[in-house]
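The residues making up each chain are set out below.
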Amino acid sequence: MAKDVIIACDFNSKEETLAFLDRFTDCKPFVKIGMELFYAAGPEIVKEIKQRGHKIFLDLKLHDIPNTVKKAMSVLRDLDVDITNVHAAGTIPMMEAAKEGLCRSDGSRALLIAVTQLTSTDQEHLEKDLWIQKPMEEVVMHYAQNAQIAGLDGVVCSPLEAAAVHERCGKEFLTITPGVRFADGDVQDQKRVMTPKQAKAAGSDYIVMGRPITQADDPVEAYKRAVKEFLS
Ligand code: C5P
């Protein structure tokens, strides 16, 4: 799959989401549907956005026992999204089960990506809350390798980790990177950010941008600016 800019549609209603997407009259951006929108609007919103011709990253970050994840993935399989994900913390057997559940009868499936460590988790909380006494970067690399062993297609990570993940797991192993901001924009609650241009140079395969696009005065112009910086 080619490199692309994915818009995080973090809205809490179908109406707001579709009104936002209606503004894109001459292009069909890749859309990320996260927990907020999925829990508010259900599988129907996925079908509706798909029908409109958008590619979809369904970002539900599954994490449960392997059997439950496998069954949940087989339900998501029928939504026919392009990318979906699980937490690598669920272990290799859980990731393998997720992949099995996602496979269609003809062997095809959506890309399956693992969340390594959330970018909201810092070293202090890694050690104190999760009791993981290793440097964050080593933990991210270990979880990325586990995802690769389980046969997944890549990881969600910070753009600052994209190059190291590619070095460890190979160029074909996908990096999907949130935490992207325009050089003249507000970083909001993201801690370690890169611009689309820097993310491109770091080797990110997909950048995820939410508020810099959804809350821009002109979201279409902001999206096109991100595409221009990241893809050209
Ligand atoms: O608005 P903003 O560009 O910060 O949105 C980033 C999106 O990426 C949000 O939907 C957020 O939940 C998601 N995300 C993230 N960091 C991660 C994983 C997902 O920011 N580690």
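Coordinates for the structure precede this section.
What you see is a predicted model, and the numbers here were worked out from it, not measured in a lab. (Residues numbered from 1 in each chain as written. Predicted model: local features only at pLDDT ≥ 70, side-chain atom pairs only at ≥ 80, totals over all residues. Heavy atoms only, no water.)

(A) Molecular detail of the overall build of the protein chain. Counting its regular elements, the protein chain contains 11 helices and 8 strands. Expressed as lengths along the three principal axes of its C-alpha atoms, the size of the protein chain is roughly 45 × 40 × 30 Å. Scored against the burial criterion, the 232 residues of the protein chain give a buried share of 49%. Long-range contacts, defined as pairs at least 24 residues apart, comprise 66% of the intrachain contacts of the protein chain with a sequence gap of at least 6. Treating the 29 positive side-chain charges of the protein chain as one cloud and the 35 negative ones as another, the clouds have centres 3 Å apart. (Helix = DSSP H or I, 4+ residues; strand = E, 2+ residues; numbered from the N terminus. Buried < 20%, exposed > 50% of the residue type's maximum accessible area, 1.4 Å probe, protein only. Contact = heavy atoms within 4.5 Å. Lys, Arg positive; Asp, Glu negative; His and termini not counted. Charge placed at Lys NZ, Arg CZ, Asp CG, Glu CD.)

(B) Focus on the pattern of salt bridges. Tallying each qualifying case throughout the model produces 16 salt bridges. Across the pair Glu48 and Arg52 runs a salt bridge, and its minimum N-O distance is 3.7 Å. We classify Glu48 as partly exposed; its relative accessible area is 26%. Put simply, Lys14, Asp22, Glu48 and Arg52 are held in one network by salt bridges that share partners. (Salt bridge = Lys/Arg side-chain N within 4 Å of Asp/Glu carboxyl O.)

(C) Spatial organisation of helix α3 (residues 43-51). All of the buried residues in α3 are Ile45, Val46 and Ile49. Down the axis of α3, the buried side of the element spans an arc of 105°, and every buried residue falls inside it. In this fold, the buried residues of α3 make contact with α1 (14-22), β2 (30-34), α2 (35-41) and β3 (56-62). Once α3 finishes, Gly53 follows within two positions and takes phi at roughly 100°, a positive value. (Arc of directions from axis to C-beta.)

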